[in-house]
Amino acid sequence: MMEGETRSSRDDDNVLPEDAVFQILVCLPVMSLLRFKFVCKSWRILIESSNFIEQHLNHHSHQYSNYNFVTLSPFYPIRRGINLCLRSGDRFEVTAQVDLPCLHVLYHYRINIVACNGIVCLHIKGTDSTYSKFIMNVYLWNPATKQCTALPQSPFPPPPLNEFKYSGIGFGFDVKTNDYMVVRFFILHDSPGVILAEMYNLSTDSWTTIDTGVLRVNYIGSDPKAPCRNGSYCWFASTGFPIESDNGKIFNPFILSFDFSSKVFGTMSLPEVDGVKFDTYPQLTILRDNLALINKVDFSHETCTNHFEVWVLNEYGVKESWTKLYKVGPFVRSSPIGLSRNGDNFFLTTEFKPCIYNFLTQNIMYPVQETWGSDIVYKVAIYKDSLVSIDRGKGAANSTTCVV
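Residues numbered from 1 in each chain as written. Predicted model: local features only at pLDDT ≥ 70, side-chain atom pairs only at ≥ 80, totals over all residues. Heavy atoms only, no water.

Peer 1: Give me the sheet that holds strand S23 (residues 364-365): which residues, what numbers.
Peer 2: The sheet built from 4 strands is open, its strands ordered S20-S21-S22-S23 with antiparallel pairing. Looking at which strands have only one partner, the edges of the open sheet turn out to be strand S20 (334-339) and S23. One ladder, built from 5 bridges, connects S20 with strand S21 (residues 345-350); its direction is antiparallel. Residue pairing across strands places serine 334 opposite threonine 350, the latter belonging to S21. (Pairing = 2+ DSSP bridges. Helix = DSSP H or I, 4+ residues; strand = E, 2+ residues; numbered from the N terminus.)

Peer 1: Could you give an account of unusual backbone geometry, naming the residues involved and the relevant values?
Peer 2: With an omega of 5°, the peptide bond running from glycine 329 to proline 330 counts as cis. Non-glycine residue aspartate 205 carries a positive phi angle of around 55°. Residue position: aspartate 205 is located in the loop between strand S10 (195-201) and strand S11 (206-210). Since its relative accessible area comes to 24%, aspartate 205 is described here as partly exposed. (Buried < 20%, exposed > 50% of the residue type's maximum accessible area, 1.4 Å probe, protein only.)

Peer 1: If you had to explain the sheet that holds strand S9 (residues 179-188) to someone new, which residues and values would you point to?
Peer 2: Strand order in the open sheet made by the 4 strands is S8-S9-S10-S11, with antiparallel pairing throughout. Looking at strand neighbours, the two that pair on one side only are strand S8 (164-174) and S11, the edges of this open sheet. The sheet shows a mean angle of 20° between the axes of neighbouring strands, direction not considered. (Axes fitted to C-alpha atoms, helices over the stretch in contact; angles between N-to-C directions.)

Peer 1: Describe empty space enclosed by the protein, listing the residues and the values that go with them.
Peer 2: Inspection of the entire model under this criterion finds 3 cavities of 30 Å³ or more. Approximately 40 Å³ is the volume found for the second largest cavity. If you go around the second largest cavity, the residues you meet are Met136, Asn137, Val138, Leu151, Pro152, Gln153, Ser154, Arg184 and Trp207. For the lining of the second largest cavity, the element with the highest residue contribution is strand S6 (residues 134-142), accounting for 3 residues. Its residues placed into classes, the lining of the second largest cavity shows 5 nonpolar, 3 polar and 1 charged. (1 Å grid on protein atoms, 1.4 Å probe; cavity = no way out; pocket = protein on both sides within 12 Å on 5 of 7 lines; lining within 4 Å. Points joined across faces, edges and corners; volume = space filled by probe spheres on them. Nonpolar A, V, L, I, M, F, W, Y, C, P; charged D, E, K, R; others polar.)

Peer 1: Let's hear about helix H5 (residues 50-60): which residues, and what values?
Peer 2: What H5 keeps buried is the set Phe52, Ile53, His56, Leu57 and His60. The arc that holds the buried residues of H5, viewed along the axis, is 130°, so those residues lie on one side. Those residues of H5 that are buried lie in contact with helix H2 (18-25), helix H3 (30-36) and helix H4 (41-47). (Arc of directions from axis to C-beta. Contact = heavy atoms within 4.5 Å.)

Peer 1: Please set out the packing of aromatic side chains residue by residue, giving values where relevant.
Peer 2: Across all of its chains, the model carries 22 aromatic pairs by this definition. Arranged with centres 3.9 Å apart and planes meeting at 5°, the rings of tyrosine 326 and phenylalanine 359 form a pair that is stacked. Pair noted here: tyrosine 326 is in strand S19 (residues 322-332) and phenylalanine 359 is in the loop between strand S22 (353-358) and S23, with a separation of 33 residues, a long-range link. (Phe/Tyr/Trp six-rings, centres within 6.5 Å; stacked < 30°, edge-to-face > 60°.)

Peer 1: Let's hear about the pattern of salt bridges: which residues, and what values?
Peer 2: Pairs can form between side chains of opposite charge once their charged atoms are near each other. Scanning the model with the defined rule gives 12 salt bridges in all. The salt bridge involving arginine 341 is made with aspartate 289; its shortest N-O contact spans 3.0 Å. Taken together, the residues span a long stretch of sequence, with arginine 341 in the loop between S20 and S21 and aspartate 289 in the loop between strand S16 (283-287) and strand S17 (290-300) at a distance of 52 residues. Each member of the pair, arginine 341 as well as aspartate 289, is classed as buried. Several salt bridges share partner residues, and in doing so they unite Lys37, Arg44 and Glu48 into one network. (Salt bridge = Lys/Arg side-chain N within 4 Å of Asp/Glu carboxyl O.)

Peer 1: Help me get a handle on the environment of glycine 317, residues and values and all.
Peer 2: Turning to its location among the elements, glycine 317 is positioned in the loop between strand S18 (305-313) and S19. For glycine 317, a relative accessible area of 49% puts it in the partly exposed group. Taking C-alpha positions, glycine 317 is 9.7 Å from serine 257, a pair spaced 60 residues apart along the chain.

Peer 1: Explain the nonpolar core residue by residue, including any values.
Peer 2: The tendency in soluble globular proteins is for nonpolar side chains to be buried as a group. Leu140, Phe171, Val182, Val217, Trp235, Leu256 and Phe265 are the most contacted members of the largest nonpolar core, which totals 49 residues. Sort the elements by how many residues they give to this core and S9 lands first, with 6 residues. Shared between two domains, this core takes at least three residues from each, and those domains are domain 1 (18-57) and domain 2 (100-269). Those residues within four positions of phenylalanine 171 in sequence are excluded, and the remaining contacts are Val114, Cys116, Ile119, Cys121, Leu140, Tyr180, Met181, Val182, Pro227, Tyr233 and Phe260. Counting 17 residues, the second-largest nonpolar core is a separate cluster that includes Leu86, Leu100, Ala115 and Ala381. (Core = buried A, V, L, I, M, F, W, Y, C linked by side-chain atoms within 4.5 Å. Domains from an automatic or database assignment.)

Peer 1: How would you explain the side chain of asparagine 345 if you had to name every residue and give the values?
Peer 2: Residue position: asparagine 345 is located in strand S21. A polar atom in the side chain of asparagine 345 sits 2.9 Å from the side chain of asparagine 358. (Polar contact = N/O pair within 3.5 Å; in protein donor to acceptor, adjacent residues only side chain to side chain.)

Peer 1: Help me get a handle on the confidence of the model for the protein chain, residues and values and all.
Peer 2: Summing up the model confidence of the protein chain, the mean pLDDT is 81 and the portion of residues at 70 or higher is 79%. pLDDT under 50 marks residues 395-402. Its contacts with residues more than four places away, or in other chains, come to 34 contacts. (pLDDT = per-residue confidence, 0-100.)

Peer 1: Can you explain the environment of lysine 263? Please cite residues and give values.
Peer 2: One can find lysine 263 in the loop between strand S14 (253-259) and strand S15 (264-268). Residue class for lysine 263 comes out partly exposed when judged on its relative accessible area of 24%. For the pair formed by lysine 263 and glutamate 198, sequence separation is 65 residues and the distance between their alpha carbons is 10.0 Å. Residues in contact with lysine 263, not counting those within four places in the same chain, are Asp174, Met181, Met199, Ile210 and Phe258.

Written out as structure tokens, the structure reads:
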């Protein structure tokens, strides 16, 4: 030690500037940051700050790697709970099995899952253990931070189970108010085409009703399990019914959308190409931040095979921008799961086994030795780890964009 130099002054020379620490930490994955919170008090305060969470989310928003899947399926027998798994985004392998207490309270349930900014929204419909009461619950869950919260019951009771045909749910982020929102709607039996809709705001921890105007919808099909980059959520819908289309009735499919900033429902057209007939249950998904559609074509009853077409909407809301990227197959007894974020891989099931088809190499892989029962409806969503908090009623959220 040089004359006149103290130990503390020499130690200060070895400390990185705060802005350098910030820039290093913001590049790290979420799981590392959760461990580094315990290095020192200053790091914990930094990592938990809204500014850091916002910058970390924005930094990783355009990286199509390091995403994950969350899958839901009922156990056998169906009354005994739900198999909730986290899976790797590259090989679909199970990385964790999760036990959420909220998944053990309902019987004869139906569940939908949606992901935004690393938060998974679970919409659960079912009955209580006595089968006498219809229950509809919504939960927000961050798999990385292990936060899970039940949303309050809406003051606007849902219609009785025998009074609505379909229900839909969307989850996303309002960039204008920095707030997370859940939108939920019902299509009634006795009023064909009429929608009852409501919206939940995380910042105020409250529900409000939404005016759907003259919008008419009779049928809700698939959704992309994630909002679009522009702050909208979409569902495949129609003013007719798929099961009636073969009887000469009009199916008339389209895309139903909801804008989280304007709180307005809208519609978009599907691709209009001569000779293209859309399957009654196409799969909506997100591809490189754009809305995409997976359509089953060329089905053969003799061989139980079909092909899939992948379409992408290059400019949101402009039907002329629909582009067909791929036509792949044939596959045997197949159903689509979704696309990888970078668009290289197509996840699907063939003969009830999950597999991955690579568009570039045209190879198909079976990375996991699983058989999915034909009578089980699996729910799959893509998400990306984040530090975003889901504390209810704590004001505006700490994010400025939406990342699956």
